[in-house]
Amino acid sequence: MQRMPLTNELESQLKTAKLKPYTAYAVNYIWQDAVTNLGSRVLGDVGLIC
């Protein structure tokens, strides 16, 4: 695992994908952040996290 720099393209994708940022991470092969973001969203939707 290695840290990926925030490119201008990724930053732009994250700004336009406000409701689904996990898609921007997945498209850029940043899987850990994609899965973490999606999991947080799912758990938040069912009321398990605040």
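This section reports on the structure supplied with the text. Because the structure is predicted, anything quoted here is derived from the model rather than measured.

**A few points about the overall build of the protein**
A count of helical and extended segments in the protein gives 3 helices and 0 strands. Along the chain direction, N to C, the helices and strands of the protein fall in the order α-α-α. Dimensions along the principal axes, computed over C-alpha positions, put the protein at roughly 35 × 25 × 15 Å. The buried share of the protein, reckoned over its 50 residues, is 18%. Of the roughly 4,300 Å² of accessible surface on the protein, 59% is carried by carbon and sulfur atoms. Counting 5 positive and 4 negative side-chain charges, the protein places the averaged centre of each group 5 Å from the other.

**Topic: the packing of aromatic side chains**
If you walk through the whole model with that rule in mind, you get 1 aromatic pair. An angle of 70° between the planes, with centres 6.1 Å apart, marks the rings of Tyr 29 and Trp 31 as edge-to-face. Residue Tyr 29 is classed as exposed on the basis of its relative accessible area of 64%.

**Quick look at the pattern of salt bridges**
What the rule picks out here adds up to 1 salt bridge. In this structure, Lys 15 and Glu 11 form a salt bridge, with 3.8 Å as the shortest nitrogen-oxygen distance. In this pair, Lys 15 and Glu 11 both sit in helix H1 (residues 8-16), 4 residues apart, roughly one turn of the helix. With relative accessibility at 55%, the residue Lys 15 sits in the exposed group.

The rules behind each value
Residues numbered from 1 in each chain as written. Predicted model: local features only at pLDDT ≥ 70, side-chain atom pairs only at ≥ 80, totals over all residues. Heavy atoms only, no water. Helix = DSSP H or I, 4+ residues; strand = E, 2+ residues; numbered from the N terminus. Buried < 20%, exposed > 50% of the residue type's maximum accessible area, 1.4 Å probe, protein only. Areas by Shrake-Rupley, 256 points an atom, 1.4 Å probe, with all protein chains shown as cover. Lys, Arg positive; Asp, Glu negative; His and termini not counted. Charge placed at Lys NZ, Arg CZ, Asp CG, Glu CD. Phe/Tyr/Trp six-rings, centres within 6.5 Å; stacked < 30°, edge-to-face > 60°. Salt bridge = Lys/Arg side-chain N within 4 Å of Asp/Glu carboxyl O.

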